[in-house]
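Each chain is listed here by its residues.
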Amino acid sequence: MRPLRSLLFVPAHREGWADKAVRAGADAVILDLEDSVPAAGKEQARIVAAATIDSLARSHPWVTVLVRPNALDTDHFGKDLAAVVRPGLAGLLLPKVYSAREVLDFAALLDHFEIEASLVRGSIEVIPTLETAKSLVNCEEIAAAHPRVASLMVAAARDADVSREVGFDWTPEGLETLHYRSKAVLACRAAGLAHPIVGLWQEIADLDGLRRFAEANRRLGFTGQVLIHPSHIETVNDVYAPDPKVVDRFRRMIDAFEQAQANGQAAALFEGEHVDIAHVKTARGVVALAESINAN
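Counting starts from 1 at the beginning of each chain's written sequence and moves along it residue by residue. For a predicted model such as this one, the threshold for reporting local features is a pLDDT of at least 70, and the threshold for listing and counting side-chain atom pairs is 80 or more; totals across whole chains, interfaces and linings nevertheless cover every residue. Calculated side-chain values reflect all of the structure's heavy atoms, with hydrogen atoms and water omitted.

A. Structural context of the pattern of salt bridges. Salt bridge criterion: a side-chain nitrogen from Lys or Arg within 4 Å of a carboxyl oxygen from Asp or Glu. This model, assessed by the stated rule, comprises 20 salt bridges. Note that Asp111 and Arg148 form a salt bridge whose closest N and O atoms lie 2.8 Å from each other. With Asp111 in helix α4 (residues 100–116) and Arg148 in the loop between α6 (139–143) and β6 (153–155), this residue pair connects regions lying 37 residues apart in the sequence. A simple rule labels every residue: compare its accessible area, found with a 1.4 Å probe on the protein chains alone, to the largest value its type can have, and call it buried under 20%, exposed over 50%, or partly exposed in between. Residue classification places Asp111 among the partly exposed positions, given a relative accessible area of 24%. For Arg148, the salt bridge is made with Glu114, and the minimal N-O distance between the two is 2.7 Å. Residue Arg148 is found in the loop between α6 and β6, and its partner Glu114 is found in helix α4; the two are separated by 34 residues along the sequence. Assigned by exposure class, Arg148 and Glu114 land together as buried. By the criteria applied, helices consist of DSSP H or I runs no shorter than four residues and strands consist of E runs no shorter than two, each listed in order from the N terminus.

B. Representation of the packing of helix α3 (residues 77–84) against α4. Across the interface, α3 lies against α4 with an axial gap of 10 Å and an inter-helix angle of 45°. Accordingly, the angle class assigned to the pair α3 and α4 is oblique. Crossing geometry of α3 relative to α4 is assigned as right-handed. In this structure, α3 contributes Phe77, Gly78, Leu81 and Ala82 to the contact, and α4 contributes Phe106, Leu109, Leu110 and Phe113. Working convention: axes come from line fits to C-alpha atoms, limited for helices to the stretch in contact. Angles between N-to-C directions cover 0 to 180 degrees. With respect to orientation, any angle under 35 degrees is reported as roughly parallel, any angle over 145 as roughly antiparallel, any angle of 65 to 115 as roughly perpendicular, and every other angle as oblique. Crossing handedness: left-handed means the near helix sits turned counterclockwise from the far one by under a right angle, and right-handed means the same turn made clockwise. Pairs of residues are marked as contacts when any of their non-hydrogen atoms sit within 4.5 Å.

C. Region of the structure containing the sheet that holds strand β5 (residues 125–130). Strands sit in the order β1-β2-β3-β4-β5-β6-β7-β8 around a closed barrel of eight strands; the barrel is parallel. Ignoring which end each strand starts from, the neighbouring axes of this sheet average 25° apart. Bridge analysis of β6 against strand β7 (residues 197–199) gives three bridges, and the strand direction is parallel. When the sheet's bridge partners are listed, Ala155 is paired in β7 with Gly199. Sheet contacts for helix α8 (residues 175–190): β5, β6 and β7; angle to β6, the most-contacted strand, approximately 175°. Whether two strands pair comes down to DSSP finding at least two bridges between them.

D. Up close: helix α11 (residues 244–262). If you check α11, its first and last C-alpha atoms are 27 Å apart, about what 19 residues at 1.5 Å a residue would give, namely 27 Å. Buried within α11 are the following residues: Val247, Phe250, Met253, Ile254, Phe257 and Ala260. For α11, the angular spread of buried residues about the axis comes to 140°, placing them on one side. Along α11, the residues that are exposed and aim more than 90 degrees away from the buried face are Pro244, Lys245, Asp255 and Ala262. Lining the buried residues of α11 we find β9 (268–270), β10 (273–275) and α12 (277–294). Think of a polar contact as two N or O atoms within 3.5 Å of one another; within protein, one of them needs to be a possible hydrogen donor and the other a possible acceptor, and neighboring residues in sequence only count if both atoms come from side chains. Taking the backbone nitrogen of Lys245 as reference, a side-chain oxygen 2.8 Å away marks Asp243 as the first, capping residue of α11. Just beyond α11, the residue with positive phi is Gly264, at close to 85°. One fewer than the residue count of a helix, multiplied by 1.5 Å, yields its expected span. This arc corresponds to the set of directions leading from the helix axis out to the C-beta atoms.

Below is the structure:
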């Protein structure tokens, strides 16, 4: 899965809302069949979600389309997957994950529904959501559970499932969730998952607070954020994109190092700083990220 800076939740039964998310600049749309859809509206939500996936695949193929299905302990997940596993779906945001077991169960279900939809097996990825105490404890095994796992989404929201499960008192500074957010980033990196995702900021009108939250998580190692309001997209896209000045500096660093290599040297003096291949690998990664964002 490509790097995703902004992933906007859209209630799956709301026709046209996904198009608004795309126009607002979201890197990914999450069509939600779970919490934001009332029980009586589940069937209609599946119909709308399937039509939305088809529409976005035609009109906005560069946008990543994800679906959050209902959890395995409900009567809905099978019907959810039957409706949405189709061309244009990139992945599932898995709710109510407790251990690797849920990931493996969803992976097996996806095998079946990919075959039914004539898709290549393994083409649809999964992003487990860490929103339970058990999932936070088991995040390493969840990250490494199956080749379909593309990332982890770490919940840190106020008064949500995770705060009730863990029992913390939420603050804008986030010290109460720092330990498990850091642990989740390490779990992703150890499993070879390059783009851990955090969520979410619920204070809709507090864009300054949103920016501080996003900047703190970017410094921690997160590369994107789940959102609940389109007004947050611009801020989050800006925070999680590499600073153009940093990208320009890294381009110069790469040029200086390559010139040193051409002269038979393994290191270079670049703008007063000693740099070697380790620094240049970091620089190339940042430049590649910036190029991937600019290409969309």
